[in-house]
Amino acid sequence: MKIFLSSEHHLHHPPFEILDGRSVAYFETPQRISIILTALATADFPPPIAVAPATLADLQTVHTADYLEYLAHAFERWQAAGLAAPVLPSVWPLPGLRMRSDCPQAAAGRYTFDLSAPIMEGTFAAACSAAGAALAGADALLQGERFAYALCRPPGHHAAANMAGGYCFLNNAALAADRLARSQTGGDATWALRAPTVAVLDIDYHHGNGTQSIFYARNDVLTVSLHADPAYEYPYYLGYADERGTGAGEGYNLNVPLPSGIDDRQYLVALDQALQAIADYGPRYLVVSAGFDTFHADPLGGFALTTAAYRSIGVAIAQLGLPTLFVQEGGYAIEALGTNVATLLTGAITYVAG
Ligand code: SP5
Ligand code: ZN
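Residues numbered from 1 in each chain as written. Chains lettered and ligands numbered in written order. Predicted model: local features only at pLDDT ≥ 70, side-chain atom pairs only at ≥ 80, totals over all residues. Heavy atoms only, no water.

Draft legend 1. Spatial organisation of the overall build of the protein. Scanning the protein from terminus to terminus reveals 10 helices and 10 strands. In the protein, which comprises 354 residues, the proportion classed as buried is 55%. Of the roughly 13,700 Å² of accessible surface on the protein, 56% is carried by carbon and sulfur atoms. In the protein, 17 positive and 32 negative side-chain charges are present, and the distance between their average locations comes to 5 Å. (Helix = DSSP H or I, 4+ residues; strand = E, 2+ residues; numbered from the N terminus. Buried < 20%, exposed > 50% of the residue type's maximum accessible area, 1.4 Å probe, protein only. Areas by Shrake-Rupley, 256 points an atom, 1.4 Å probe, with all protein chains shown as cover. Lys, Arg positive; Asp, Glu negative; His and termini not counted. Charge placed at Lys NZ, Arg CZ, Asp CG, Glu CD.)

Okay, structure coming up:
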C-alpha cells in the first residue's frame with residue numbers, strides 16, 4: 001500500500017474554533033498526523049511519500065476560480081485591513097441580502113459556511129499539500145496500485161466547490177474522484193461520455209456535504225455517505241435520505257443517516273447496504289473518505305464503534321475488489337486515532353493477501 005503525505009499540513013494550526021457558540025481549542029490538530037504516522041510505522045507500513053502540492057489547474061477541476069482566488073489571498077487581505085488572525089466570518093449573505101461589498105469580512109462570509117474553518121497565513125499552502133496527496137493517490141490507482149492511502153490534513157469532505165467549513169478548505173476526495181473519472185473520458189470536461197466510473201464511500205461520522213454537492217448532478221461518480229443523522233448532528237442542513245441526486249445525477253447519491261449510539265454490529269449492517277449500492281453501480285475505482293470520528297471515545301462523535309470495527313470495515317471494503325484510495329478525513333480521539341487508521345488499512349490489505 002502506497003502512502004502519500006501532505007507534508008505542509010503543519011502550516012495550518014488555528015488556535016481556536018467556535019463550536020456550539022463557545023470558543024474551544026481547535027480539534028483538528030497537526031498532532032493527528034504525527035499520531036497516525038507513528039502507528040503506521042509501528043504496524044510496518046512503508047514510509048510515506050511526500051508529494052508536490054496541487055496546482056491551481058488541478059484544483060479548478062472541482063473548485064471555482066473565484067473561491068480559489070479567495071483562499072489564496074484571504075489572509076493577506078484580512079491582515080492588510082488591520083484585522084487580527086485568523087480569518088473567520090461573523091456575517092453571512094443569507095438570501096435577500098446584497099453581495100456588493102469587497103471587504104475581507106464580506107468575502108469570509110461568502111466563502112465559509114461555519115466557524116470551524118479559520119484561515120491562517122499557511123492555510124492555503126497546507127490545503128494544497130493535502131490535495132496533492134489525494135491526487136497522487138489517484139495517480140497511483142491509475143498506475144495499477146490496488147490500494148493507496150492519502151494522509152490528508154486539513155481534511156476535505158465538507159468543502160464544496162466554493163465554500164470552506166468543518167475544518168475543510170479543498171475537497172481532497174472529490175479532487176481524487178474527479179481525476180479518476182476524467183481518466184475514463186479522455187479528460188472530457190463536458191462528461192459527454194457518462195458511464196459508471198468512480199464511487200465515493202464516505203465513512204466519516206459527519207455527512208460529506210461538500211462531496212455530495214460537487215457530484216450531485218453527475219452520474220459518473222456515485223456518492224454514498226454513512227453518517228450521523230443530520231436531524232440531530234452537524235452539518236444539519238444536508239445529508240438526509242431523500243437526497244438522491246439531480247438531473248443526470250438523479251439516483252447517484254445515497255445517504256444512510258444513522259441513529260446516535262450505534263455499535264459495531266449495527267454500523268456494519270448499514271455499511272453492507274452502502275457497499276451493495278456500490279457493487280450494483282459497478283465502478284472501476286473506489287475513493288473512501290475515511291473518517292474515524294465514529295469511534296466511541298471521539299469528542300465530536302456520538303457512535304460507539306470499537307477499534308475492532310475498523311478491521312471489519314477494511315475487510316468489507318476490500319471485498320468489493322476495487323482499486324481503492326483511502327483519503328483521511330476526521331477523527332479526533334487522538335490516543336486511538338493512529339491505531340484505528342492502521343487497523344482499517346491492515347484489514348483491507350490482509351483480506352487481499354489472505
Ligand atoms: C472533517 C470533520 O470531521 N469535520 C467535523 C466538523 C464538525 N464541526 C462541528 C461539530 C458540532 C458538534 N457538536 C458537538 C457534539 C458533541 N457530541
Ligand atoms: Zn467528521
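After that view of the structure, there is still more to cover.
Draft legend 2. Focus on the site of ligand 1. Within the structure, ligand 1 sits among 17 residues, and Asp20, His158, Gly166, Asp293 and Tyr332 are positioned closest to it. Side-chain polar atom of His206 to an oxygen atom of ligand 1: 3.3 Å apart, as the coordinates give it. The contact in question runs from an oxygen atom of ligand 1 to an N or O atom on the side chain of Asp293, over 3.0 Å. For the shell around ligand 1, a count of residues per class yields 7 nonpolar, 6 polar and 4 charged. (Near = heavy atom within 4 Å. Polar contact = N/O pair within 3.5 Å; in protein donor to acceptor, adjacent residues only side chain to side chain. Nonpolar A, V, L, I, M, F, W, Y, C, P; charged D, E, K, R; others polar.)

Draft legend 3. View of a nonpolar patch on the surface. Taken together, the side chains of Trp92, Leu94 and Leu97 present a nonpolar region at the surface, about 300 Å² in accessible area. Relative to the helices and strands, Leu94 resides in the loop between α3 (65-80) and α4 (104-111). (Patch = residues over 30% accessible without salt bridge, like charges linked within 9 Å, V, L, I, M, F, W, Y side chains within 5 Å. Salt bridge = Lys/Arg side-chain N within 4 Å of Asp/Glu carboxyl O.)

Draft legend 4. Representation of helix α1 (residues 31-42). In a regular helix each residue adds 1.5 Å, so 12 residues correspond to 16 Å; α1 covers 17 Å between its end C-alpha atoms and thus fits that length. Considered for burial, the residues of α1 that qualify are Arg32, Ile33, Ile36, Ala39 and Leu40. Take α1 and look down its axis: the buried residues cluster within an arc of 130 degrees, on one side only. The outward face of α1, more than 90 degrees from its buried face, is lined by the exposed residues Thr38, Ala41 and Thr42. Where α1 is buried, its residues meet β1 (2-5), β5 (147-151), β10 (324-328) and α10 (334-353). Following α1 by one or two positions, Asp44 adopts a phi angle in the positive range, close to 65 degrees. (Expected span 1.5 Å × (residues − 1). Arc of directions from axis to C-beta. Contact = heavy atoms within 4.5 Å.)

Draft legend 5. Broad picture of the coordination of the zinc ion (ligand 2). The zinc ion (ligand 2) binds to the protein through Asp204 (OD), His206 (ND1) and Asp293 (OD), with metal-donor distances spanning 1.9 to 2.1 Å. When the donor residues of the zinc ion (ligand 2) are listed from N- to C-terminus, their spacing reads D-x1-H-x86-D. Judged by its relative accessible area of 1%, Asp204 is buried. Assessed through its relative accessible area of 8%, His206 is described here as buried. (Donors = N, O, S within 2.8 Å, 3.2 Å for Na, K, Ca; no water.)

Draft legend 6. Quick peek at the packing of helix α8 (residues 264-281) against helix α9 (residues 307-318). Running from N to C, α8 and α9 point in directions that differ by 15 degrees, and their axes come no closer than 11 Å. Relative to α9, the element α8 lies roughly parallel. When the axes of α8 and α9 are compared, the crossing they make is right-handed. Here Asp264, Tyr267, Leu268, Leu271 and Leu275 of α8 lie close against α9, whose contacting residues are Ala309, Ser312, Ile313, Ala316 and Ile317. Of the residues contributing to the contact of α8 with α9, the split by class is 8 nonpolar, 1 polar and 1 charged. (Axes fitted to C-alpha atoms, helices over the stretch in contact; angles between N-to-C directions. Parallel < 35°, antiparallel > 145°, perpendicular 65-115°, else oblique. Left-handed = near helix turned anticlockwise from the far one by under 90°.)

Draft legend 7. A look at helix α5 (residues 123-142). Taking 1.5 Å as the rise per residue, α5 with 20 residues should run 28 Å; its terminal C-alpha atoms sit 29 Å apart, in good agreement. Taken across its 20 residues, α5 has 17 buried, putting it largely inside the fold.

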